[in-house]
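# A look at the structure
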Amino acid sequence: MARRTQAERSDVTTARLVGAAHELFGGNGYAATSIDTISAAAGVTKGAVYHHFGSKIELFRAVFIREQQKIAARLEYAAAEEDDPWEALHNGVRTFLEHCLDPGFRQIVLLDAPSLMGWEAVRELEHGHTLRVLLAGLRLAGGGAPETVAARAQLVFSLICEGGMLLARSPNPAVDLPPLAADIDAYLETLRSRSGGGREAAPADGNTG
């Protein structure tokens, strides 16, 4: 069996550190997690942590990016389940809000990241993942002229992000999720109607047309 190259060994160590940090940051929060704890969980020395990541906050940033990659992949999968692009957007909104109920995602992305990284840095990374998927979905759905669809995607993105923050701070997030999703759905339907579409109403009982 061929020996791993230095680059391969480095990638393995980096993945172990990000995985261990993800579990600890998600479970205990950033402030309660030390570099010593992370290095022990990853099975490496403390020096190895600083070799791969210059600081604890740099390691947190890598964990945050991993969360963004995961939620973007989930949104793309959710969209692929629907044939209608507008229904794909509705499904994506619901998927994002449901993901906000995950304790690790909530702690890392919604609670710790804004204060640790700053809103501008957080939004920049989110734009390359969640907003990218959302913008592609709106374009596919014909959600506006080229000069307006980006602004509309930003508005929907703001709604789901603020919805996520509300769920993160709610004592009963599972109860609060359905009305939040309904409000965002209503905005999507407004965009849909302006684009010439609209959800078909279900036929009344006994009405065969």
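The structure reproduced in this document is the subject of the present report. Please read these numbers as outputs of a predicted model, since none were measured by experiment.

### Things to note about the nonpolar core
The nonpolar side chains of a soluble globular protein tend to be buried with one another. Grouped together as the largest cluster of nonpolar side chains are 56 residues, with contacts concentrated most on Phe-25, Leu-59, Phe-96 and Leu-97. Top contributing element to this core by residue count: helix H9 (residues 146–168), with nine residues.

### Describing the environment of Leu-155
Along the polypeptide, Leu-155 turns up in helix H9. Between the C-alpha atoms of Leu-155 and Tyr-187, which are 32 residues apart in sequence, the distance is 9.5 Å.

### Examining the state of the cysteines
Counted according to the given criterion, the structure contains zero disulfides. Cys-161 supplies the cysteine sulfur nearest to Cys-100, a cysteine that is in no disulfide, at a spacing of 8.1 Å. Owing to a relative accessible area of 0%, Cys-100 belongs among the buried residues under this scheme. A relative accessible area of 5% places Cys-161 in the buried class.

### Quick look at the environment of His-129
By the element assignment, His-129 lies in the loop between helix H7 (119–127) and helix H8 (130–141). Classification of His-129 by relative accessible area gives buried; the value is 14%. Considered as a pair, His-129 and Lys-70 are 59 residues apart in the sequence and their alpha carbons are 9.1 Å apart. When near neighbours in sequence (up to four residues on either side) are disregarded, His-129 contacts Gln-68, Gln-69 and Ala-72. At a separation of 2.8 Å, a polar atom in the side chain of His-129 contacts the main-chain carbonyl oxygen of Leu-125.

What counts and how
Residues numbered from 1 in each chain as written. Predicted model: local features only at pLDDT ≥ 70, side-chain atom pairs only at ≥ 80, totals over all residues. Heavy atoms only, no water. Core = buried A, V, L, I, M, F, W, Y, C linked by side-chain atoms within 4.5 Å. Buried < 20%, exposed > 50% of the residue type's maximum accessible area, 1.4 Å probe, protein only. Helix = DSSP H or I, 4+ residues; strand = E, 2+ residues; numbered from the N terminus. Disulfide = S-S within 2.5 Å. Contact = heavy atoms within 4.5 Å. Polar contact = N/O pair within 3.5 Å; in protein donor to acceptor, adjacent residues only side chain to side chain.

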